Amino acid sequence: MLTQRISLDRARFKAIAPESDLHSALEAEEDWLPAQLPGCVHLDLLRNGRIPDPFFGLNEAAVQWIGETDWLYECVFVLRTEQLRAPYLDLCFEGLDTFAEVYLNGVHLLSSQNMFVPQRVSIKAQAREGENRLAIRFESALRRGKALEARYGARAVWNGDPSRVYVRKAQYHYGWDWGPTLLTAGIWRPAYVEAYTARLAELHIQPTLSEDLAHADLKTTVQVEGAAESVRLALYDPSDALIESVQVALSHSAAQHTFALDAPRLWYPRGYGQQARYRVAVELIGAAGVLDRRKMRIGIRDLRLVQAPLEDEAGTSFYFEVNRIPIFCGGANWIPADCFTPRLTAERYREWLQLAAAANMRMLRVWGGGIYEDDAFYELCDELGLLVWQDFMFACGMYPAHDEFLENVRAEAIAQVKRLRHYACLALWCGNNEDYQIVESLNAYDPSFDGDFRQTAFPAREIYERLLPRICAELDPTRPYWPGSPYGGASVLDQTVGDRHTWDIWHGAMADYQDYPRYSGRFVSEFGMQALPNLPTIEAFCPPEDRTLESAALRYHNKATDGELRLNHYLERNVGRAEALPEYIYLTQFVQAEAAAAAYEGWRLGWRGERRRAIGGALIWQLNDCYPAISWSLVDYYLRPKPAYYRVKRALAPLALILSAEGQSVTCWASNHTLEPIEATLTLACWSLDGELLDQTRQVVQIGANQVTRLLAREAPSAAPCIWGARLQQAERVIARAARFPEPPHSADYSAAQVQLTPLGEGCYQVRADRPVRGVWLAAEDPEARWDDNMLDLLPDDPQVVRLVSAGHGQRVALWHLGSRSGGGA
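Cut-offs used in this document
Starting from 1, residues in each chain are numbered consecutively following that chain's sequence as written. For this predicted model, a pLDDT threshold of at least 70 governs which residues receive local features, and a threshold of 80 or more governs which side-chain atom pairs are given and counted, while totals over whole chains, interfaces and linings are taken from all residues. Just so you know, side-chain values use all the structure's heavy atoms and leave hydrogens and water out. The way it works is that DSSP assigns letters per residue, a run of H or I at least four long becomes a helix, a run of E at least two long becomes a strand, and they are numbered from the N terminus. Radius of gyration: over C-alpha atoms. The globule rule applied is 2.2 Å multiplied by the number of residues raised to the 0.38 power. Should any heavy atoms of two residues lie within 4.5 Å, those residues are considered in contact. Here the Shrake-Rupley method, with its probe set to 1.4 Å, supplies the accessible areas, and only the displayed protein chains count as covering residues. Multiplying one less than the number of residues by 1.5 Å gives the expected span of a helix. Relative accessibility decides the category of a residue: with a 1.4 Å probe and only protein chains considered, values under 20% of the type maximum give buried, values over 50% give exposed, and everything between is partly exposed. Taking the helix axis as origin, the arc is that swept by the directions to the C-beta atoms. Whenever two N or O atoms come within 3.5 Å, that pair is a polar contact, provided that in protein one can donate a hydrogen and the other can accept it, and provided that, for residues adjacent in sequence, both atoms are side-chain atoms. Within this scheme a cavity is a closed region of a 1 Å grid, computed over the protein atoms alone, that accommodates a 1.4 Å probe without allowing it to escape, whereas a pocket is open but has protein on both sides within 12 Å along at least five of seven lines; lining residues each have an atom within 4 Å of a point. Grid points are joined across faces, edges and corners, and a volume is the space filled by probe spheres set on the points. Here the nonpolar group is Ala, Val, Leu, Ile, Met, Phe, Trp, Tyr, Cys and Pro; Asp, Glu, Lys and Arg are the charged ones; every other residue, Gly included, is treated as polar. Note on geometry: axes are C-alpha line fits, over the in-contact stretch for helices, and angles between N-to-C directions span 0 to 180 degrees. An angle below 35 degrees is treated as roughly parallel, one above 145 as roughly antiparallel, one from 65 to 115 as roughly perpendicular, and anything else as oblique. In a left-handed crossing the near helix is turned counterclockwise from the far helix by less than a right angle, and in a right-handed crossing that turn is clockwise. For two strands to be treated as a pair, DSSP must find at least two bridges joining them. Between the rings of Phe, Tyr and Trp (Trp by its six-membered ring), a pair exists once the centres lie within 6.5 Å; its type follows the angle of the planes, with under 30 degrees stacked, over 60 edge-to-face, and the other angles tilted. Values of bend correspond, residue by residue, to the angle between axes fitted over the seven residues ending at that residue and the seven starting there.

Engineer: Help me get a handle on the overall build of the protein, residues and values and all.
Structural biologist: Across its full length, the protein holds 15 helices and 44 strands. Relative to a compact globule of 826 residues, whose C-alpha radius of gyration would be 28 Å, the protein shows 28 Å and is just as compact. Across its three principal directions, the C-alpha atoms of the protein cover 90 × 65 × 60 Å. Sequence separation of at least 24 residues holds for 69% of the intrachain contacts in the protein that already meet a minimum separation of 6. Roughly 30100 Å² of accessible area belongs to the protein as shown, and the carbon and sulfur atoms make up 48% of that amount.

Engineer: I'd like a rundown of helix α5 (residues 141–152), residues and numbers included.
Structural biologist: It helps to recall that an α-helix has 3.6 residues per turn; residues three or four apart then point in one direction. The first and last C-alpha atoms of α5 sit 16 Å apart over 12 residues, in line with the 16 Å expected at 1.5 Å per residue. If you check which residues of α5 are buried, you get Ala141, Leu142, Gly145, Leu148 and Glu149. Within α5, the buried residues cover an arc of 125° as seen down the axis, which keeps them to one side. For α5, the exposed residues set more than 90 degrees away from the buried face come down to Ala150 and Arg151. Each element contacted by the buried residues of α5 is listed here: β6 (99–104), β9 (130–139) and β10 (174–176). Backbone nitrogen of Leu142 and a side-chain oxygen of the N-cap are separated by 3.3 Å at the start of α5; the cap is Ser140.

Engineer: Outline the environment of Asp90, listing residues and values.
Structural biologist: With respect to the helices and strands, Asp90 occurs in strand β5 (residues 88–93). Residue classification places Asp90 among the buried residues on the basis of a relative accessible area of 3%. Separated by 526 residues in the primary sequence, Asp90 and Gly616 place their C-alpha atoms 47 Å from one another. Beyond its immediate stretch of four places on either side in the chain, Asp90 contacts Arg120, Val121, Ser122, Ile123, Tyr192, Val193, Glu194, Tyr196, Arg199 and Glu225. A distance of 2.9 Å separates polar atoms of two side chains, one belonging to Asp90 and the other to Arg120.

Engineer: Now, about empty space enclosed by the protein: what can you tell me, with residues and values included?
Structural biologist: Over the atoms rolls a probe the size of a water molecule, and its path tells where empty space is left. What the rule picks out here adds up to four cavities of 30 Å³ or more. When its volume is computed, the largest cavity comes out at roughly 60 Å³. Considering the residues around the largest cavity, the lining is formed by 15 residues, among which Glu139, Ser140, Ala141, Thr184 and Ala185 are closest to the centre. In terms of residue class, the lining of the largest cavity is made up of seven nonpolar, five polar and three charged.

Engineer: Tell me about the packing of helix α6 (residues 346–358) against helix α7 (residues 375–384), residues and numbers included.
Structural biologist: Here α6 crosses α7 at 40°, and the two axes come no closer than 10 Å. Our classification of the angle between α6 and α7 gives oblique. In this structure, the crossing between α6 and α7 has a hand that is right-handed. For the pair α6 and α7, the contacting residues are Ala346, Tyr349, Arg350, Leu353 and Gln354 in the first and Ala376, Phe377, Leu380, Cys381, Glu383 and Leu384 in the second. Of the residues assigned to the contact of α6 with α7, the class counts are eight nonpolar, one polar and two charged.

Engineer: Can you explain the side chain of Thr98? Please cite residues and give values.
Structural biologist: On the secondary structure map, Thr98 appears in the loop between β5 and β6. Overall, Thr98 belongs to the buried group, its relative accessible area being 2%. There is a polar contact of 2.6 Å between the side chain of Thr98 and the side chain of Asp97.

Engineer: Pulling in residues and values, what's your account of the sheet that holds strand β21 (residues 319–322)?
Structural biologist: Taken in spatial order, the three strands line up as β20-β21-β22 in an open sheet, and their pairing is antiparallel. The sheet terminates laterally at β20 (303–306) and β22 (325–327), the two strands that pair on one side only. With strand direction ignored, the average angle separating the axes of adjacent strands in the sheet is 30°.

Engineer: How would you summarise the packing of aromatic side chains if you had to cite specific residues and measurements?
Structural biologist: Using the criterion set out here, one finds 56 aromatic pairs in the structure. An angle of 35° between the planes, with centres 6.5 Å apart, marks the rings of Trp176 and Trp178 as tilted. Overall, Trp178 belongs to the buried group, its relative accessible area being 1%. Judged by centre distance (6.2 Å) and plane angle (85°), the rings of Phe318 and Phe320 are edge-to-face.

Engineer: Can you explain helix α10 (residues 461–475)? Please cite residues and give values.
Structural biologist: Look at α10: 20 Å from first C-alpha to last across 15 residues, which is about the 21 Å you get at 1.5 Å a residue. At Leu468, α10 shows its maximal bend, which comes to roughly 30°, and the proline Pro469 appears one to four places after that position. Counted residue by residue, α10 has 11 buried out of 15 residues, so it is predominantly covered. Those residues of α10 not exposed but buried are Arg461, Glu462, Ile463, Tyr464, Arg466, Leu467, Leu468, Pro469, Ile471, Cys472 and Leu475. Considering only its buried residues, α10 is in contact with β13 (198–209), α8 (403–420), β26 (426–430), α9 (435–441) and β27 (481–482).

Engineer: Would you mind going over the pairing of strand β12 (residues 191–196) in detail, with residue names and values included?
Structural biologist: β12 sits mainly inside the fold: six of its six residues count as buried. Of the two faces of β12, the one holding Ala191, Val193 and Ala195 and the one holding Tyr192, Glu194 and Tyr196 are both buried throughout. Of the strand pairs in this sheet, strand β1 (residues 4–7) and β12 are connected by four bridges, and their pairing is antiparallel. Looking at β12, one finds that Gln4 is bridged to Ala195. Pairing of β5 with β12, which is carried by six bridges, proceeds in the antiparallel orientation. Among the inter-strand pairings, Leu89 is bridged to a residue of β12, identified as Ala195.

Engineer: Which residues make up the sheet that holds strand β38 (residues 755–761), and what are the values?
Structural biologist: Pairing in this open sheet of three strands is antiparallel, and the strands run β38-β39-β42 from one edge to the other. Of all the strands in the sheet, just β38 and β42 (800–803) have a single pairing partner and so form its edges. Pairs of neighbouring strands in the sheet enclose a mean axial angle of 25°, with direction left out of account. Across six bridges, the pairing between β38 and strand β39 (residues 764–769) is antiparallel. Bridging from a neighbouring strand, Gln756 pairs with Arg768 of β39.

Engineer: Describe the environment of Gly606, with residues and values.
Structural biologist: Tracing the backbone through its elements, the reader meets Gly606 in the loop between α14 (581–604) and β30 (617–620). The sequence separation of Gly606 and Arg733 amounts to 127 residues, and the corresponding C-alpha distance is 28 Å. Discounting residues that sit within four places of it in the chain, Gly606 has contacts with Arg612, Arg613, Ala614 and Ile615.

Engineer: Outline unusual backbone geometry, listing residues and values.
Structural biologist: That bond from Asp97 to Thr98 is cis: its omega, -5°, falls within 30 degrees of zero. Of the consecutive residues Trp621 and Gln622, the connecting peptide bond is found in the cis state with omega at 10°. Residue position: Gln622 is located in the loop between β30 and α15 (643–651). Positioned with a positive phi, Met510 is a non-glycine residue whose angle comes to about 55°. Tracing the backbone shows Met510 in the loop between β28 (500–501) and β29 (524–526). On the basis of relative accessible area, Met510 is assigned to the buried category, the value being 16%. The residue Asn706 is not glycine, and still its phi comes out positive at about 55°. With respect to the element layout, Asn706 can be found in the loop between β34 (693–703) and β35 (707–715). What makes Asn706 buried here is its relative accessible area of 6%.

Here you go:
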């Protein structure tokens, strides 16, 4: 028989006391509520009107009891005679969150204690024709974690309850400095019953490329469970034309075949070539015909992590090379896009990842305190050409390494590496997030020690330096592994080796964001600045009477320690205090946008060509939110871009102009991440604050491929504050522009600027100013509207045209700029 799958999508649930008898609880008809699968208890309670929206106001505090409670789920499914007669009948869970005891028809089937480990168990002996009753008892993860902590000892963490390090559950559920404490439970990924004669238990395709990239081998391995005779393997090219079909006999429940390709079409990160993917279709053949089917898309590429001595600086490089092309990996960190991930759809993932792609990002880092993402995420990254830095799920804690914990982690790592290794987008496996950093902060890390890690104050080195790299080397040998982020050198703060988290700005001494270039690393895998979300998002979580600067709900939705204090510090140093909430929103967003631009522009100058690629990438913290909040995100929970999103988009453009200043001198650079040299005309002009042209020069410039090129240096005509503007043109078309204003921003007054917004039709607007002005922000009346560009710096001779790309035309548009006290209309 062909494999049959019975999806489990309806259930009922209720709270259950820890001491309650399961049979009695199942038989008692009171308190049951309908549930949806996959899901989680918070969503089920919300759907049934039993709790307020945890995202609104101060409601988070009112739902903490949920994480302290045990929950019972029951699902009834029907099996037919033909399914019962199948040689194999399995119950499958792709994810149980987290401590779960599973029963079928009163018989205990399995125990699960890791939300990242899928479960499969035979129910051949327990299943019956007609109705079958599946019961799952979820124990409070907080209570179980506390018990483990009492047994093994308290361990240091940043963020969340310290007992979390003993629990293999998404760590952000315990609360983080950008998200609430919402300890979920439930069947969080698909659950189903499979009836089969034989099944394709595992499909692994390992592409290898010749040194000259002219030939590829696709080693295809199939593991089978059950009685079958052969497998039929078919390879299709990226246009879906059949290349080869072959039938291979099974031997010891396995089959192997290598597809050979001459002149293969390769997969490239976006901007460097096509995202070509081949398709492999597999059919499992038995005496009676096809028993099971599976297909997989494969991108063929060669990827290397280059750590080599630098020509003119200390230390070694840290950058990725794909198909022999060095790639500057500008991008962002990715956290789970919801506190309740079961409600994330493939559509939602697509919206998020298209935003990343549209912002010229080339890499996302799946952060280690969240989840191993849904396959839809990686499938879309393959499609869009977004590289993925993949953390294992450990974050900001001193994790244990006793035998039971190691075995739990081993099962998790094996399951996830096998699931994700075929994605071309996956660039690197990383052991953890900031675990080396927290241990170093406690003086508990000796990088020279290589003995029994489990007898030290940092036992989890056994995980990051032995267990995980061994599993990756065995199951995914062509992909680099990195022990942690940050990691490298004698200290995680080393700027010459490995990757670095640059939190000298915002955290620590709260250094000026203008100094981001000083706080570089060979690869900056975290940095960021907070800002408020747009007003419609605040209105979604703040009651009307609480939408003020003194709002309790607003403060409650900033989870960062001293978040308000730090926001105000950067406002005072750069733009001054706000008088009302709309102005406060704009000013925090202005500072975030300027900080992001200062970082990316400064660090792109480190991409200087062969043997001089001192900075290999920068990933901002963070792209997204898990709920509506004041955070470091570029785009808020409702997919509404903040101004920084647009500044990052320009800063990561394939061709960008950068103006650096030292004293009265300004230097113009071109950062070209394309593979072609560029000839263009550069105009560099100097303006007074009131719009007088003080100096201007034009010249034809040559820009090198895939590197930064110094174009021109110029002295200011006087000691008075001035604004520099640069434009790069080809045949009168502007292909890049930049402006350099006096710093800090409040050192100049832009309030007299007259900014004119002229509708051009079809959603296009011309924006011009009579004098230099910073931070022009256009806000359409539709809160879901998006622009192709925004948060503009304007000079008198350079009007810019922007376009609404996702809203109806003819809308009223409010306009803000630095120095304005309210948004004017147009």
